[in-house]
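Each chain, letter by letter, is given below.
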Amino acid sequence: MTKAVTADHASISPQHLPAAVFEELEIVRDPANLFHQTIEQVLIAAQIVGLRHHQQIILAQPHNEIMVHFPVLMDDGHHDLFKGYRVQHNNALGPYKGGIRYHPDVHLDDVKSLAVLMTMKCSLVRVPFGGGKGGVKCNPRDLSRDELMRVTRRFCSAISNQIGPDYDIPAPDVGTNAQIMAWFSDTYAQTNPEHERHDTFRIVTGKPVELGGSLGRDKATGQGLVDVLKEMLPELGIDISRMTFSLLGFGNVGGWTGRLLGDLGASMLAVQDHTGSIYNDGGIDPHALWDHVVETGGVSGFRGAERVTENEFYSAPVDVFIPAALEQMITKDKAELINAKVVAEGANAPTTPEGDAVLMQRGVEILPAILCNAGGVTVSYFEWVQNKSSVYWTAEEVDERLNTHMVLAARRVKVARVKYDVDMRTASYCAALEQIGKVYDLRGVFP
Ligand code: NAD
């Protein structure tokens, strides 16, 4: 059994702290800033793998940060002004790639952080994409279907000269879905001079299957997480077909992960979403819960479990705790409550640095987000390839190829962990950075 690495691990010594890079780039480090936290973790790994200094400073800032404001006609006849972002972090490995989020708390630095994570993720799973991310500051639950469509079309037209099917390819994220990708791709196709070319629809992935979406994209992130667990858990002494787990978030990632794990025989004991927390020590039926969420909008009121408090949810004893909601939810206090052997990060950046330290001190193994949730971008890549070739794969082919990418990525992380003697998160960044460093060495820096 692999032993969890503790927070005071010798490999991450003061000389690895990237203060010099922050100073050189005049970044005033704010410990609460998600972008600064992410860059710091990446730069620590960069120093461990010996990434050249100029490559470190390139990666410490996004290539482009685009911010737009656009008016949208609301159903009652007035106009609201919306704020949108597209951040293009790095394209050394291929076109910028990353989701678009609709949420009231979308801020530039969070989008920058998520774009960095995309660069790392694409490199780790070896899909030929760089990292990007976008968002519109809005609450999609407060918008009618027509308003959502108009927000999407105006946002697409506001950034359409900055993206492209071979340059920057958005996808769904929190608060967006296949329908929104359909409106986005239609707007791009109608307003782009190349609109006669059918493959302009490649401008986004995560489209409905009828519009060129890939089979298996819907469940891809959950499926990828399950593939990673199958590869990693045996060495941690956990039998996936008999394990127990909790899910924080029961949307796309959480809902699919719960159902796929349930199908393998694992038992889902506790779930929390924005409507509340539920628990059943005999196991919650994930398919019945999914139907309930589709019908009512949340887990609250589900008859097959009892309602519990937030603290009871976090402290439920399980083998694996899976955050699949928003960023930074596992704070120090929550990490102290978690009663699991493994935390498998389905969400992006769900654990704060303080939460990370507590989990490591307590010997909880953390399987990091850039590995666990890379299934989504992997099948997005498959969708893009299928659109380019107009040859469409069966669901079985998609699953098989996804599994290959996920298993190889998990093995890369295991190898880096031993090679550099670091925790899993640092190892995943090391494995990603080795590839980016090789590509930069080969390409050089223009001119
Ligand atoms: P989603 O909108 O489908 O689901 C989000 C879930 O989080 C919902 O169940 C919601 O109720 C829950 N939630 C929101 N606020 C909460 C709160 N305060 N407390 C508890 N639960 C809360 O989003 P998703 O697509 O499943 O994405 C979830 C995470 O996974 C995000 O971090 C996203 O960036 C990441 N991710 C998603 C994909 C993908 O393919 N969808 C791919 C990679 C990473």
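Being a predicted model, the structure only gives us computed values, none of them experimental.

Asks: Mind showing me how you'd approach the packing of aromatic side chains here?
Replies: What characterises a pair of aromatic rings is the spacing of the ring centres plus the angle enclosed by the ring planes. What the rule picks out here adds up to twelve aromatic pairs. Summarising the aromatic geometry, the rings of tyrosine 314 and phenylalanine 321 are spaced 5.6 Å apart at their centres and angled 25° between planes, so their arrangement reads as stacked. Like tyrosine 314, the residue phenylalanine 321 is buried in the burial classification. Put simply, the rings of Phe129, Tyr381, Phe382, Trp384 and Trp393 pair up and form one aromatic cluster. Taking the ring centre of phenylalanine 129 as reference, the NZ or CZ of lysine 97 above it sits at 5.9 Å. Cation over ring: arginine 401 sits above tryptophan 393, and NZ or CZ is 3.9 Å from the ring centre.

Asks: Is there a simple way to explain the nonpolar core in this structure?
Replies: Across soluble globular proteins, you tend to see nonpolar side chains buried next to one another. If you look at the biggest cluster of nonpolar residues, it comprises 91 residues, and the most contacted ones within it are Leu229, Met243, Leu289 and Val320. The greatest single-element share of this core, amounting to ten residues, is contributed by helix H16 (residues 424–443). Ranked by size, the runner-up nonpolar core spans 24 residues in total, among them Phe82, Ile100, Leu143 and Ile163.

Asks: Quick question: what am I supposed to make of the sheet that holds strand S9 (residues 306–308) here?
Replies: In any sheet, the strands associate via hydrogen bonds between backbone groups, in a parallel or an antiparallel arrangement. Taken together, the seven strands give an open sheet; going across it, the order is S9-S8-S7-S6-S10-S11-S12, and neighbouring strands pair in mixed fashion. Taken across any chain shown, the strands that pair with only one partner, and hence form the sheet edges, are S9 and strand S12 (365–367). The sheet shows a mean angle of 20° between the axes of neighbouring strands, direction not considered. Pairing of strand S6 (residues 244–248) with strand S10 (residues 320–323), which is carried by four bridges, proceeds in the parallel orientation. Bridging across to S10, phenylalanine 245 finds its partner in valine 320. The strands touched by helix H7 (residues 220–232) within the sheet are S10, strand S11 (342–344) and S12, with S10 carrying the most contacts at an inclination of about 155°.

Asks: I keep staring at the environment of serine 267 and nothing clicks. Help me out?
Replies: Examined against the element boundaries, serine 267 turns out to sit in strand S7 (residues 267–273). Along the primary structure serine 267 and glycine 282 are separated by 15 residues, whereas in three dimensions their C-alpha atoms are 8.0 Å apart. If sequence neighbours within four positions are ignored, serine 267 has contacts with Met243, Thr244, Phe245, Gly282 and Gly283.

Asks: When you look at the pairing of strand S3 (residues 96–103) in this model, what are you seeing that I'm missing?
Replies: Remember that side chains alternate between the two faces of the sheet whenever the strand is regular. Within S3, seven of the eight residues are buried, which leaves it mostly tucked inside the rest of the structure. With five bridges connecting them, S3 and strand S5 (residues 168–172) associate as parallel partners. In the strand pairing of S5, lysine 97 is matched with isoleucine 169. Pairing geometry for S3 and strand S4 (residues 131–137), over four bridges, is parallel. Of the residues in S4, the one forming a bridge with tyrosine 102 is valine 136.

What counts and how
- Residues numbered from 1 in each chain as written.
- Predicted model: local features only at pLDDT ≥ 70, side-chain atom pairs only at ≥ 80, totals over all residues.
- Heavy atoms only, no water.
- Phe/Tyr/Trp six-rings, centres within 6.5 Å; stacked < 30°, edge-to-face > 60°.
- Buried < 20%, exposed > 50% of the residue type's maximum accessible area, 1.4 Å probe, protein only.
- Lys NZ or Arg CZ within 6 Å of the ring centre and 35° of its normal.
- Core = buried A, V, L, I, M, F, W, Y, C linked by side-chain atoms within 4.5 Å.
- Helix = DSSP H or I, 4+ residues; strand = E, 2+ residues; numbered from the N terminus.
- Pairing = 2+ DSSP bridges.
- Axes fitted to C-alpha atoms, helices over the stretch in contact; angles between N-to-C directions.
- Contact = heavy atoms within 4.5 Å.

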